[in-house]
Amino acid sequence: MDKLKQIILDALVYSTLAVLKFIFLLPLNLWLKAASKLAEQRKNNNLEYQEADGMWPFLTYIKQFAFGFGFDAAIFLSYFIGIIMAIIFWFISMLSAEHLFPGLIDGFQTAITIIIYAYLAPIYISLLRDIIQILLIPFRKFLSWGSKPAQQMELEIKNK
């Protein structure tokens, strides 16, 4: 019976810590990863149209801009935009309230809600990027198949 209690306690502690890490640490880790990727891109000067090559240089550049830069930039800027929006909405709700105290409470709740959404935004943006990339797999496969040279088969036809 003690072994069962220990197993249940270990599972409860582990699952609770895993959920808390997912909620509180994953958004920050995604944000830090996006920031480091953007810094690396700036250092390597990766986002230049002149560097785009291949069969479709403009589409290659657009793909690099959207997937290599755009999603990471959205993740990185989400925290700053969230803080600015929280402050703006807090002031707007304070100014539009009839009495100062209800406006302060409503504005504070709105600001906290926006900050929570902004903090979790890296999860949503990363999920959106991954879903779009999954949806583009058939298109990539088609382009890969279409760019291959035609294959020829040598057949020997024997008459009996």
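Position numbers for residues start from 1 in each chain and track the written sequence from start to end. Two thresholds apply to this predicted model, a pLDDT of at least 70 for residue-level local features and 80 or more for giving and counting side-chain atom pairs, whereas whole-chain, interface and lining totals are computed over all residues. The side-chain quantities take in all heavy atoms of the structure and omit both hydrogens and water.

Enquirer: Explain the overall build of the chain residue by residue, including any values.
Expert: Helix and strand assignments follow DSSP, with helices taken as H or I runs no shorter than four residues and strands as E runs no shorter than two, numbered in order from the N terminus. Along its length, the chain carries five helices and zero strands. Listed by position from the N terminus, the elements making up the chain come as α-α-α-α-α. Along the three orthogonal principal directions, the C-alpha set of the chain runs to about 95 × 60 × 35 Å. Burial status follows relative accessibility: with a 1.4 Å probe on protein chains alone, a residue under 20% of its type maximum counts as buried, one over 50% as exposed, and anything between as partly exposed. Across the 160 residues of the chain, 18% fall into the buried class. Here the analysis covers contacts within the chain between residues at least 6 apart in sequence; of these, 72% occur between residues at least 24 apart. Within the structure as shown, the chain displays about 13,200 Å² of accessible surface, and the carbon and sulfur contribution to it stands at 70%. Averaging the coordinates of the 14 positive side-chain charges in the chain and doing the same for the 12 negative ones gives two points 9 Å apart. We call two residues in contact whenever any of their non-hydrogen atoms come within 4.5 Å of each other. With residues, only the protein chains shown are counted as cover, and all accessible areas are computed by Shrake-Rupley using a 1.4 Å probe. In this tally, Asp and Glu contribute negative charge and Lys and Arg positive charge; neither His nor the terminal groups of the chain are included. By convention, charge coordinates are those of NZ in Lys, CZ in Arg, CG in Asp, or CD in Glu.

Enquirer: Now, about the pattern of salt bridges: what can you tell me, with residues and values included?
Expert: Here, a salt bridge means any Lys or Arg side-chain nitrogen found within 4 Å of an Asp or Glu carboxyl oxygen. What the rule picks out here adds up to three salt bridges. In this structure, K37 engages D72 in a salt bridge whose closest nitrogen and oxygen atoms are separated by 3.5 Å. Linking K37 in helix α2 (residues 26–44) with D72 in helix α3 (residues 57–96), this pair joins segments that are 35 residues apart in sequence. Judged by relative accessible area, K37 falls into the partly exposed class, the value being 34%. Measuring nitrogen to oxygen at the nearest pair gives 3.0 Å for the salt bridge that ties D72 to R129. Here the residue D72 occupies a position in helix α3, and R129 occupies one in helix α4 (residues 100–135), the gap between them amounting to 57 residues. Judged on exposure class, the residue D72 and its partner R129 are both buried. Overlapping salt bridges bring together K37, D72 and R129 as one network.

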